[in-house]
Each structure stands twice: as C-alpha cells, then as structure tokens.
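# Tertiary structure, described
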Amino acid sequence: MTILIKGKKHRHKVTFLRRCMPRESTSSSPSSTLDQLLYGEKQRVTNQPGPIIKEPKAEDEAVESISRSLIDPINMATTTSPTSVTDLFTTPPGIRDFLNTQTSQAQEKTIQECLPFLSGASGDINRNQYGVPHLDRKRHIAFLHKSLGKLPAPYVAADAARPWMFYWALAALYTMGEDISPWRERLISTVVPIQNVTGGFGGGNGQMSHLAPTYAITLSLAMVGGQEALDIIDRKAMWKWLGALKQPDGGFQMSVGGEEDVRGAYCAMVILSLLDLPLELPRESPAWSPDSASFLSGLAEWVARCQTFEGGISGKPDAEAHGAYAFCALACLCIIDAPHIIIPKYLDVPALISWLSARQYAPEGGFAGRTNKLVDGCYSHWVGGCWPLINACLEGLRQQPVSRESSTSAPLSLYSREGLIRYILCCCQDQTKRGGLRDKPSHSSDSYHTCYVLAGLSSAQHRWHFNASESAVEGGGPLNSAYQWTSEVFEEDLPVYEEEDRVETLHPVFVIPQSAAEKTRQYFSSKEEF
C-alpha cells in the first residue's frame, strides 16, 4: 500500500513493506510477482514493521495500479495444482497491523511456527498430492494405548482427571477405527469404587461427586457398552444428585456448592438424556417450586443470558466469550429441542456465526478459543463442533416451508473445512516416534488434544443432518431430539485428504459414537422406572 505525502518542497511516498516467509521455490505466484514489481528481483523483504519514506519515481503510478489489481482478493485466488498449496495457507496475511503488542507478537510467532509445516518445508514427511501429510494412524493408536497404561509418578497430581484421560483415549481410538470393547472390564473395575452413594462420580477414590468426571465416565461406559457396564450406574442416586445441582436461576452447579456455569448445563443434560432420567425435579432440590418443578425450568433462558456482546457464549452471564462454552451451550439446547427451533429462539444466531467465523485464522487454518488468542488444536472440536449444530439450525429454517425432498441438497459450510483439515494434518500431528496430536507444532502431544483434534477432523470430513420427523430411539419421550441425527461424507470438488485419512464419526452432541449413544438411551428407556 502506498500513501502520497505532500511536503513543502518534496512529494514523498510511504511504502509499507509486506512481511512474508522466504520462498525457496522459483515458481511465480501473485504475491511473489507483487514483491518483484514493488521491491525488485533481489530485494530482501524486511521483518521489521513500519513505513519507509522514499522519493517517488516515474513508474510509481503504474506500479501502484498493478499492485492494486494483484492485491485484489478476486485476482489473488489461485487454482491448486496437484503439487501446490494455495497462497492462503502458505503466506502471511495480506493485511497486517504493524502496532506491536504482546498479543500481535505471539500471533506473528505462531504464524512463523506453522508456515513451514503448512508449506511442506518442515522436513521429509510423506504428503499427498495436495501437500497434506497422511494421518499417522498407527503411531497415534500406539500413543493412545500407552496413555491407558501405567502412567509416570507425576500424574498423581492429575488424579482427579483420571476419568477424562480414559474418555479422551477411548473416544480417540474409536475415531481411528479401533475396537474399544476390550477395555470394558478394566473400565468397570476403575469406576465402580469412585461412584458415591449420594449419586454421581468423583475424579478418584474418596473424592466428592463432580459433573465433569461424571460426564466423562458416563460417556466412557456408553462407548464400551454392554449391560454389565451400564448397570453399574445408580440412576436413582444420580437423579437426586443432579437435582441438588439444579439452581433456582435455571443453571447447574458443577458440584454441590461449586461453580455454576454452562459446562454444568451441558453435562447435566447429557446425563439426563443418555440415562433417560425423569425430568421432574426431586422435591428436595434447591430449585424446586410449584412453578419450577422440572430440570428444564429456566435452563434455556439461563443459557441465553450467557451470550455476550461479541456474539459468543461465556461460561456464565457477563463473562468472556469462549469457544468451548459456545459448544456446551449449543449442544445443551440441541438436547432440549430441535436445533432449528430452540437455537434461534434463545440465541442471536447471526451474531454467534460472526463470532465463530472470526475464530478461524489464516494462514494457520485452525481455530482459536477466544478473541485475540492463538490457534489451538483442541478448538478443532470446541469451535469446529459448533458448526454442525449451527448448520442444522439453518438447514431446518430453510426447509420449514417445503418438504425435505424439494429442498436443496447443496452442502452448506460456514467455515473453511480445507483450512481446518490442513492445520490438523500438517501442524497437529506429532511426527516423532511419540505420536499423538497436539495444540500446535511447538507443543507436545497429549490425549486431550488427540481426542478433540480427531473429533474436529471427523466433523470437517462429514456433514450432519437433523431429521425432524425421525428418531433412532423407539418410544419417543423427552429429550429425544438428540437421537434424530444422521451423517454423510462431506463431498467437495477438491478434497485435501485421501480416503485412508478419513476417520469415524462422533455424535455432534454427545461426542461419542452415534450407535453408542442410541444403544445407551434405548437400554435405559426399556428399563422400568427406578
């Protein structure tokens, strides 16, 4: 960009030099052509921000005209050949803010960290014709099996998180096609001692019940399946304990006397739905009153108060919007009712779409969890998992006046699936013998990121539909909308991964295999009331 400045004696031109990665290839691209036109064939591009004052030359106006046409986003669009990657994922952003802050410096560092992996300059890694590495399935599976084994002594500090560790590992193993039923007996022997007689599960032996480990254990038992696993859950005690967590303002505490946030709302609704628990509140619940006698009383209204001025969702009213809370809020609502009915009723959908869209960055392609934060592989799920629920909401609204048969079947994608898949397969895979998936290249892999990065990959590779007139669970009943989802492979004109890199689907609300969710609900629905 050039700005002409008129002085008393001279006309000066301010030229903002574009920061970019050095190019090893001699192939021409719009950005490299622009650099040559503006700075010459041999000029090095500076990494220091700021204007350069120089005298105007005769050809300045011509160069400026050419520059404008090259910078135009339409003219910058490129067709990807079998051995190239589009500039969007291999060059720094075309518009840069040169005000240096701690935040901007961290963002710049992350861009420079990711670019070698996205551009294919990160070493001898086998890549497909689109410049994307294959999913190293074998190495990641070995990493997850190791995480389910005996852990080093320092993990004692994370004893309360044990239920999360086996949930993350089991869910991730399933996405990569592994049979997880052999873990059933070991899982049962682990969780039986940490179920409390007052209802719910603690994180470990002797620990008070908490919604986070109770959610993780419930999902893990549903995944391994079988009557022996499901029957260990004391449903009546669970129902009473959930009643003790329900608050008069509509929300849920995470533990008795603990924090109240949108995680509690989501975890509680998952448990109520999968275990087919009565929606009537126990009379001893602190939230019970003649006018508020249901677990659903005031819940959707409380979630609505968590939407912020930015459009995102915070953990509680009047707090900062966060990607994980957005998923919890949307998933909670989608358990209560059909997405196209309940989401626009309680949330400002255009504002939420705007906020979610702003969480995806280029050139990285991944998602950040909050405004002015860095991309992180785990948000491939926490933010990426919001899109199937939003898409179902919009799809349902479009189909309301017409039948499903007459509605359009064109794919609806409100984010760059290509960008996310590139970030996951290029930047999030630990290519060392360790295996597993990670936040970003400078971080180590762990089971948490492995689980949610793969969940995001699965969501990007598939498209979910909400079937308003069908349910996979017989008998209907309350909270049945979560069992009306079907999926299909998302087909694009130009995919960026090969069939061998496709992973299994996870339910868009429960984040476990769809069949596991349906079988669990069906099993408890067939039982007599406790």
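Criteria and cut-off values
Residues numbered from 1 in each chain as written. Predicted model: local features only at pLDDT ≥ 70, side-chain atom pairs only at ≥ 80, totals over all residues. Heavy atoms only, no water. Helix = DSSP H or I, 4+ residues; strand = E, 2+ residues; numbered from the N terminus. Buried < 20%, exposed > 50% of the residue type's maximum accessible area, 1.4 Å probe, protein only. Areas by Shrake-Rupley, 256 points an atom, 1.4 Å probe, with all protein chains shown as cover. 1 Å grid on protein atoms, 1.4 Å probe; cavity = no way out; pocket = protein on both sides within 12 Å on 5 of 7 lines; lining within 4 Å. Points joined across faces, edges and corners; volume = space filled by probe spheres on them. Nonpolar A, V, L, I, M, F, W, Y, C, P; charged D, E, K, R; others polar. Expected span 1.5 Å × (residues − 1). Contact = heavy atoms within 4.5 Å. Core = buried A, V, L, I, M, F, W, Y, C linked by side-chain atoms within 4.5 Å. Salt bridge = Lys/Arg side-chain N within 4 Å of Asp/Glu carboxyl O.

## Observations concerning the overall build of the protein
- Of the regular secondary structure elements, the protein holds 20 helices and 5 strands.
- Counting across all 530 residues of the protein, residues that qualify as buried make up 53%.
- A total accessible area of about 24100 Å² is found for the protein, and carbon and sulfur atoms account for 53% of it.

## A few points about the environment of Ala161
- Turning to its location among the elements, Ala161 is positioned in the loop between α5 (137–147) and α6 (162–175).
- Given the relative accessible area of 22%, Ala161 is considered partly exposed.
- Between the C-alpha atoms of Ala161 and Ala212, which are 51 residues apart in sequence, the distance is 8.8 Å.

## Quick notes on unusual backbone geometry
- Cis geometry is found at the peptide bond from Ala362 to Pro363, where omega equals 15 degrees.
- Tracing the chain through its elements places Pro363 in the loop between α15 (349–357) and α16 (379–382).
- Despite not being glycine, Asp318 has its phi angle at roughly 70 degrees, a positive value.
- A positive phi angle, close to 55 degrees, is found at Leu479, a residue other than glycine.
- Turning to its location among the elements, Leu479 is positioned in the loop between β4 (462–466) and β5 (485–489).

## As for empty space enclosed by the protein
- For the structure on display, the rule yields 2 cavities of 30 Å³ or more.
- There is about 110 Å³ of room inside the largest cavity.
- Taken together, Phe327, His381, Gly385, Pro388, Ala455, Ser458, Ser459, Trp464, Leu506, His507, Pro508 and Val511 make up the lining of the largest cavity.
- A total of 3 residues in the lining of the largest cavity trace back to one element, the largest contributor, which is helix α19 (residues 447–461).
- Looking at the lining of the largest cavity residue by residue, the classes come out as 7 nonpolar, 5 polar and no charged.
- As for the second largest cavity, its lining consists of Trp387, Pro388, Asn391, Tyr415, Arg417, Ser459, His462, Arg463 and Trp464.
- At the level of elements, α17 (386–399) and β4 are the ones that each hand at least two residues to the lining of the second largest cavity.
- Here the lining of the second largest cavity is built from residues that sort into 4 nonpolar, 3 polar and 2 charged.

## Remarks on helix α13 (residues 323–336)
- In this model α13 runs 20 Å from its N-terminal to its C-terminal C-alpha over 14 residues, within 8% of the 20 Å that 1.5 Å per residue would give.
- The buried fraction of α13 amounts to 12 of the 14 residues, a majority that puts the element mostly inside the structure.
- For α13, the full list of buried residues reads Gly323, Ala324, Ala326, Phe327, Cys328, Ala329, Leu330, Ala331, Cys332, Leu333, Cys334 and Ile335.
- Buried residues in α13 make contact with α11 (262–274), α12 (299–304), α14 (339–346), α15, α16 and α17.

## Here we look at the nonpolar core
- Membership of the largest hydrophobic core comes to 142 residues, with the highest contact counts inside it found for Tyr167, Leu242, Tyr266 and Phe510.
- With 11 residues, α13 is the single largest residue contributor to this core.
- When neighbours within four sequence positions are excluded, Tyr167 is seen to be in contact with Ala216, Leu219, Ser220, Met223, Cys451, Tyr452, Phe510, Val511 and Ile512.

## Things to note about the pattern of salt bridges
- Tallying each qualifying case throughout the model produces 12 salt bridges.
- For Glu108, the salt bridge goes to Arg96, with nearest N and O atoms at 2.2 Å. Of the two residues, Glu108 sits in helix α4 (residues 102–119) while Arg96 sits in the loop between α3 (73–76) and α4, which places them 12 residues apart along the sequence. Just as Glu108 is buried, Arg96 falls in that class too.
- The partner of Glu418 in a salt bridge is Arg422, and the shortest N-O contact between them spans 2.9 Å. Of this pair, Glu418 and Arg422 both sit in helix α18 (residues 417–427), 4 residues apart, which is roughly one turn of that helix.

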